[in-house]
Amino acid sequence: MIMKSILIPVDYSVYASAGIRAGIVLAKKTKAELYLLNIFNGPADWNKIAVEEQQKHPEIETRMIEAEVKMDNLLKDKMFKGIKVTGVVRPGNIRDEIMHFAKLYKSDLIIMGAHGKGESRNYFIGSHAQKVLRTAPCPVLSVKSNFKAASVKRIVFAANFEESVSKLFSKIKSFVKATGASVDLVFINTPQNFTESLPMEKAMKKFIEAFPDVKMKAHIFNAKEVEKGIIQFAESRKAHLIAKVTHDRTKKAGYHFGITETLLYNSDIPVLSVMTN
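A quick note: this is a predicted structure, and the numbers were derived from the prediction, not measured. (Residues numbered from 1 in each chain as written. Predicted model: local features only at pLDDT ≥ 70, side-chain atom pairs only at ≥ 80, totals over all residues. Heavy atoms only, no water.)

Observations concerning helix α9 (residues 226-236)
Residues spaced three or four apart along an α-helix point in a common direction, a consequence of the helix completing one turn every 3.6 residues. Among all positions in α9, only G229, I230, I231, F233 and A234 are buried. Check the buried side of α9 and you find it contacts β6 (154-158), β7 (182-189), β8 (216-222), β9 (241-246) and α10 (259-266). Within two residues after α9, K238 carries a phi angle of roughly 55°, on the positive side. (Buried < 20%, exposed > 50% of the residue type's maximum accessible area, 1.4 Å probe, protein only. Helix = DSSP H or I, 4+ residues; strand = E, 2+ residues; numbered from the N terminus. Contact = heavy atoms within 4.5 Å.)

Now the structure itself:
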């Protein structure tokens, strides 16, 4: 797969800036077009409302003008030189608009800013980022404020290595190739879900053979919990990024963390997640 379209939600925070910088690095290597999306508080159908009715809500019109000016100023930055970039300003619900434009632009990747470890104890509770992770139609790269995409040389990919995982990895292969990183495959073996080494080694070998153009090495890592095991292994390998399959959690409560969300909440390592169908 070739990366052609990258969607970056923008709120002008340091985290969004890190996302934009990462998008620029990837765009230069893949020739993908960047779509910067800023969503402000207002009715999603604002542009369809009669002018007479809009005039009754001057505060929304003011927000739109301010948002458009900010976006125009951002697009003038020299960092976008030589890159195809489109800015979009929309009123509405953040999660809904991200999903809409991800499908509209056939995005191959969404890049979102994420708080670093200890920076916000309440960040994921009910957050838009959590909702995007759970419902995105394409891989989501969640980056921390100090993330440098050009420095990604080692990626940890944690999975159970069932046959369906190869199809999911194909969705992030273009990202891996763009960074030129090597990949440490890891299966976290826990007491609750113990798996014998030989069958897992066989499954991982088959996985590696399916991607001969990607430098990979297989590992089995023992830990009491999957989340802690992934973090411990990634830190031991000095990984620059963790890649993970995210299972459909749309029916789970916002306070019920999945493994991917827990990794972001408890580690300073950015996470690239791809959701199962």
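What about unusual backbone geometry?
Peptide bonds are, in most cases, trans, and in most cases residues other than glycine have a negative phi. For F161, which is not glycine, the phi torsion reads 60° and is therefore positive. Relative to the helices and strands, F161 is located in the loop between β6 and α6 (164-170). The class of F161 is buried, set by a relative accessible area of 6%. Located in the positive-phi region is K238, a residue other than glycine, with phi close to 55°. In this fold, K238 is placed in the loop between α9 and β9.

Some details on the sheet that holds strand β1 (residues 5-9)
On the basis of which strands lie adjacent, the open sheet formed by 10 strands has the order β3-β2-β1-β4-β5-β10-β9-β6-β7-β8 and mixed pairing. Single-partner strands in this sheet number two, and they are β3 (85-91) and β8. Here the strands of the sheet are splayed against their neighbours by 25° on average, with no regard to which way each runs. Along the sheet face, helix α4 (residues 94-104) touches β1, β2 (33-40), β3 and β4 (109-113) and points at about 155° away from the line of β2. The sheet strands contacting helix α8 (residues 197-209) are β6, β7 and β8, and the helix crosses β8 at an angle near 155°. (Pairing = 2+ DSSP bridges. Axes fitted to C-alpha atoms, helices over the stretch in contact; angles between N-to-C directions.)

Section: the side chain of T190
Note that T190 resides in the loop between β7 and α8. By relative accessible area, which is 5% here, T190 ends up buried.

Topic: the pairing of β1
One face of the sheet, then the other: side chains in a regular strand alternate in exactly this way. Burial runs high along β1: 5 of the 5 residues are buried. Side chains of β1 alternate between two faces, with S5, L7 and P9 and I6 and I8 buried alike. Relative to β2, β1 runs parallel, the two being bridged by 5 bridges. Counterpart to S5 in the pairing with β2 is E33. Between β1 and its parallel partner β2, the chain crosses via helix α1 (residues 14-30), and the hand of that crossover is right-handed. (Right-handed = clockwise from strand over helix to strand, strands pointing away.)

A few points about α8
Relative to the 18 Å expected for 13 residues at 1.5 Å per residue, α8 spans 18 Å between its end C-alpha atoms, a close match to the ideal helical length. The complete set of buried residues in α8 reads M200, M204 and F207. The buried residues of α8 occupy an angular sector of 55° when projected down its axis, which confines them to one face. Turned more than 90 degrees off the buried face of α8, the exposed positions are L198, K202, K205, K206 and E209. Tucked inside the fold, the buried residues of α8 contact β6, α6, β7 and β8. (Expected span 1.5 Å × (residues − 1). Arc of directions from axis to C-beta.)

As for the packing of aromatic side chains
Throughout the structure, instances matching the rule amount to 10 aromatic pairs. When the ring of Y35 is compared with that of Y105, the centres are 3.9 Å apart and the planes differ by 15°; the resulting orientation is stacked. Taken as a pair, Y35 in strand β2 and Y105 in the loop between α4 and β4 lie far apart in primary sequence, 70 residues in all. Judged by relative accessible area, which is 13%, Y35 ranks as buried. (Phe/Tyr/Trp six-rings, centres within 6.5 Å; stacked < 30°, edge-to-face > 60°.)

Quick word on the environment of S164
Along the chain, S164 falls in helix α6. S164 sits in the partly exposed class, given a relative accessible area of 45%. The spacing of S164 and T276 is 112 residues in sequence and 8.8 Å in space, taken between C-alpha atoms.

Here we look at the pattern of salt bridges
All told, the structure shown has 8 salt bridges when counted by the stated rule. A salt bridge links R90 to E97, with the nearest nitrogen and oxygen atoms 3.3 Å apart. With a shortest N-O distance of 3.0 Å, D96 and R95 are connected by a salt bridge. Look at D96 and you get partly exposed, because its relative accessible area is 39%. A single salt-bridge network, built from bridges that share partners, covers R154, D184 and R237. (Salt bridge = Lys/Arg side-chain N within 4 Å of Asp/Glu carboxyl O.)

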